[in-house]
Amino acid sequence: MRSLTLIACSALALAACGEQASRDQIKVVGSSTVYPFTTAVAEAFVNQNTQAKAPVIEQGGTGAGMKLFCGGIGVAHPDIVNASRRMKKSEQEICAKNGVTDIIEVQVGNDGIALAESIQGPKLELTRKDIYLALAANPMGKPNTAKTWRDVNPALPNIPIKVLGPPSTSGTRDAFAELILEPGCEESDPAAKALKDSDKTKFETQCLLIRSDAAYIDSGENDNLIVQKLSTDPNAIGIFGYSYLEENAQRLQGIPVDGVAPTYDAIAGGKYPGARALYIYVKKQHLKAVPGLKEFVRLYTEMWGADGPLAKRGLIASDSNVAAAAAKAAEMETPLDPASLK
């Protein structure tokens, strides 16, 4: 992005200078899962506002995006962060420390953490327990030595465990650990649930930590690269947002988890174990200072319906009540209540 000119005040003083300081482009960072939807909104925004500069949208993961978003107020800092999980209390506290005090939380829709394989793959059907025993670094408190899926479950094929998934900075990985690994851990070891309250660090090491050997391959934040690799390796499994599975239905097939395949209806109805909400977080302090930012957020709310443009990109629409509440928060510029965060 070209260098920006400040009017009447420094880059770090946007909050104090109000409308006087601005940049001529909206800046968005964060989740690769939410990226396609925000990009679609950006395309529509430019089409409707031919004089506007195209928003700058970068994907680097929810966690990394939160760090940038919470870095401060001013033209050097993003206006919006895409998030494939809810903001953490610890992240909000960093925001507040750096002057980002009014944050608008907007749930833009739903998604499923899809496990997928090539259409030439073995047509795996897994449980959360299978996945936990295959991918946890320390299942039931012991180092993971499983090499094949059959090592995990005698009913599964004798093929190597090879899973291509998101990095530790990804909200998809955080959600995968919470929605898939944690229940699998508790099913494998009934004592794990009590451990969560008595020794959180030990619980995370046993239940949420993913192994770092060749069984799990950190594939970065570009989910399209995972799709490409699955197309050439029928025995590999990929983990990414549902929209990437839908877009590549001719090449990939979803893997059922606990007997439920990752489909639009299963995710929308909450039946799929990996169903989750998607968000954008907006700096209220930037709304008046950054040209078009409020209009951009409003356009998002107009495009996320079940029959809207974002659904055609793979976004799963929120329940009507949830969508209405999110649209109201965006329109009224209602700040997030930090007490609701974990």
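The structure presented is a predicted model; accordingly, all values stated were derived computationally and were not measured.

**Considering the pairing of strand β4 (residues 103-118)**
Part 1 of the reasoning: A large share of β4 lies buried, amounting to 16 of its 16 residues.
Part 2 of the reasoning: Strand direction decides the pairing type here: β4 and strand β9 (residues 275-283), joined by 9 bridges, are antiparallel. Across the sheet, residue glutamine 107 finds its bridge partner in β9, namely tyrosine 279.
Part 3 of the reasoning: Here 4 bridges tie β4 to strand β7 (residues 237-241), and the two strands are oriented antiparallel to one another. Paired with alanine 116 across the bridge in β7 is glycine 238.
Part 4 of the reasoning: In the sheet, β4 pairs with strand β8 (residues 252-254) via 3 bridges, with the strands oriented antiparallel. Within β8, the residue paired with alanine 116 across the bridge is glycine 254.

**With respect to the layout of surface pockets**
Part 1 of the reasoning: Of the volumes computed, that of the largest pocket is approximately 1100 Å³.
Part 2 of the reasoning: Along the walls of the largest pocket sit 27 residues, with Arg85, Lys88, Asp174, Glu178 and Leu208 positioned nearest its centre.
Part 3 of the reasoning: Going through the elements one at a time, α7 (171-188), α9 (200-208) and β9 are the ones with two or more residues in the lining of the largest pocket.
Part 4 of the reasoning: A total of 7 residues in the lining of the largest pocket trace back to one element, the largest contributor, which is α7.
Part 5 of the reasoning: Taken together, the residues that form the lining of the largest pocket break down as 12 nonpolar, 3 polar and 12 charged.

**Let's talk about the state of the cysteines**
Part 1 of the reasoning: This model, assessed by the stated rule, comprises 2 disulfides.
Part 2 of the reasoning: Two residues share a disulfide in this structure: cysteine 70 and cysteine 95, whose sulfurs sit 2.0 Å from each other. Across the S-S bond linking cysteine 70 and cysteine 95, the dihedral sits near -70°, which makes this disulfide left-handed. With cysteine 70 in the loop between α3 (62-69) and β3 (80-83) and cysteine 95 in helix α4 (residues 89-97), this pair connects stretches of sequence that are 25 residues apart. Residue cysteine 70 shares its accessibility class with cysteine 95, and that shared class is buried.
Part 3 of the reasoning: Covalently, cysteine 185 is tied to cysteine 207 through a disulfide, its sulfur atoms 2.0 Å apart. On the S-S bond that ties cysteine 185 to cysteine 207, the torsion sits near -40°, and the link is left-handed. One end of the pair, cysteine 185, is in helix α7; the other, cysteine 207, is in helix α9, with 22 residues separating them in the sequence.
Part 4 of the reasoning: Residue classification places cysteine 185 among the buried residues on the basis of a relative accessible area of 0%.
Part 5 of the reasoning: We classify cysteine 207 as buried; its relative accessible area is 0%.

**Details of the environment of glutamine 253**
Part 1 of the reasoning: Looking at the secondary structure, you find glutamine 253 in strand β8.
Part 2 of the reasoning: Since its relative accessible area comes to 17%, glutamine 253 is described here as buried.
Part 3 of the reasoning: Put simply, glutamine 253 and leucine 209 are 44 residues apart on the chain and 27 Å apart in space, counted from C-alpha to C-alpha.
Part 4 of the reasoning: When near neighbours in sequence (up to four residues on either side) are disregarded, glutamine 253 contacts Leu115, Ala116, Glu117, Ser118, Ile119, Gly121, Lys123 and Leu245.
Part 5 of the reasoning: Within the structure, the side chain of glutamine 253 is placed 3.1 Å from the backbone oxygen of serine 118, a separation counted as a polar contact.

Reading the values: rules and limits
- Residues numbered from 1 in each chain as written.
- Predicted model: local features only at pLDDT ≥ 70, side-chain atom pairs only at ≥ 80, totals over all residues.
- Heavy atoms only, no water.
- Buried < 20%, exposed > 50% of the residue type's maximum accessible area, 1.4 Å probe, protein only.
- Helix = DSSP H or I, 4+ residues; strand = E, 2+ residues; numbered from the N terminus.
- Pairing = 2+ DSSP bridges.
- 1 Å grid on protein atoms, 1.4 Å probe; cavity = no way out; pocket = protein on both sides within 12 Å on 5 of 7 lines; lining within 4 Å.
- Points joined across faces, edges and corners; volume = space filled by probe spheres on them.
- Nonpolar A, V, L, I, M, F, W, Y, C, P; charged D, E, K, R; others polar.
- Disulfide = S-S within 2.5 Å.
- Contact = heavy atoms within 4.5 Å.
- Polar contact = N/O pair within 3.5 Å; in protein donor to acceptor, adjacent residues only side chain to side chain.

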